[in-house]
Amino acid sequence: MTIVQWKVRAIRGATTVTANTIEAIREAVTELLEAIEIHNSLDPDDIVSIIFTATQDLDAIFPAAIARERPHWQNVPLLDVQQMHVVGSLDKCIRVILHVNTPKLQGEMQHVYLQGAKNLRPDWQISPVTINR
C-alpha cells in the first residue's frame, strides 16, 4: 500500500503591469493567477495562504482584492505588502508566493513569471498556456 504524504509547498510567480491603474493591475494579476492555477492544477481548497508584493509605483488597487474575486478563493488568507525598493530593480512588478497543500514534490511546482518579470527567474521558465476568457 502506497501512502501519499501531503505537505505544504510554495509556488512563486511574478508579472509586470503596463500602468498603475485598476484595469492594468487586474489584467496582470488575473493572468498570473490563472497561469499558476492551470500549470499546477490547483484546487482553491488546497491553498493555505498567498502573499503578494507590489513595487512602490503600484498603488491603484490591492492584488489580494483581485484574487478574492476568483471563484472559490473567498476563504483563502491573502496578504499584500510593498516590495522592498532596490535601486535599478524592476518597476511596476507584482510578485506572489502561494503556499499549497499537495502530494507533489517541491521540484514539481510550476513557478510562473510573465511579461517583464520573465527575466527574474529564467531558470523557472515554463511553456505558455492558453487562457480561455
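Per-chain numbering applies: the sequence of each chain, read as written, is numbered from 1 onward. Under the rules for a predicted model, residues below a pLDDT of 70 receive no local features and side-chain atom pairs below 80 are neither given nor counted, while totals for whole chains, interfaces and linings still include all residues. Excluded from the side-chain calculations are hydrogens and water; all other atoms, namely the structure's heavy atoms, are used.

### Structural notes on the overall build of the protein
Inference 1: By definition, any uninterrupted DSSP run of H or I lasting at least four residues is a helix, any uninterrupted run of E lasting at least two residues is a strand, and each is numbered from the N terminus. When helices and strands are tallied, the protein shows two helices and five strands.
Inference 2: Listed N to C, the secondary structure of the protein is β-α-β-α-β-β-β in terms of helices and strands.
Inference 3: Against the 2.2 N^0.38 benchmark of 14 Å for 133 residues, the protein shows a C-alpha radius of gyration of 15 Å, consistent with a compact globule.
Inference 4: Expressed as lengths along the three principal axes of its C-alpha atoms, the size of the protein is roughly 55 × 30 × 30 Å. When we talk radius of gyration, it's over C-alpha atoms, and the globule rule is simply 2.2 Å times the number of residues to the 0.38.

### Section: the UniProt feature "binding site: prephenate" (unreviewed entry) in the protein
Inference 1: UniProt positions are given in the numbering used here, feature names are shortened, and annotations may be inferred rather than shown by experiment. Residues annotated by UniProt as "binding site: prephenate" (unreviewed entry) correspond here to Arg12, Arg95 and Tyr113. A maximum C-alpha distance of 8.9 Å is found for the annotated residues, which run over 102 residues; spatially they form one tight group.
Inference 2: By secondary structure assignment, the location of arginine 12 is in strand S1 (residues 7–16).
Inference 3: Classification of residues uses two cut-offs on accessible area relative to the type maximum, computed with a 1.4 Å probe and protein chains only: under 20% is buried, over 50% is exposed, and between them is partly exposed. The exposure class assigned to arginine 12 is partly exposed, which follows from its relative accessible area of 26%.
Inference 4: Residue placement: tyrosine 113 occurs in strand S5 (residues 112–113).

### Description of the pairing of S1
Inference 1: In this analysis, strands are considered paired if DSSP registers two or more bridges between them. Two elements, S1 and strand S4 (residues 93–102), share ten bridges in a ladder whose sense is antiparallel. Across the sheet, residue threonine 15 finds its bridge partner in S4, namely isoleucine 94.
Inference 2: Pairing geometry for S1 and S5, over two bridges, is parallel. Paired with glycine 13 across the two strands is valine 112, which belongs to S5.

### A short note on the pattern of salt bridges
Inference 1: For this document, the term salt bridge refers to a Lys or Arg side-chain nitrogen within 4 Å of an Asp or Glu carboxyl oxygen. According to the stated counting rule, one finds two salt bridges in the structure shown.
Inference 2: Across the pair glutamate 37 and arginine 70 runs a salt bridge whose closest N-O atoms are separated by 2.5 Å. Of this pair, glutamate 37 sits in helix H1 (residues 22–39) while arginine 70 sits in the loop between helix H2 (63–68) and strand S3 (78–82); the two residues are 33 residues apart in sequence, bridging distant segments of the chain. Comparing glutamate 37 with arginine 70 shows no difference in burial state: the two are buried.

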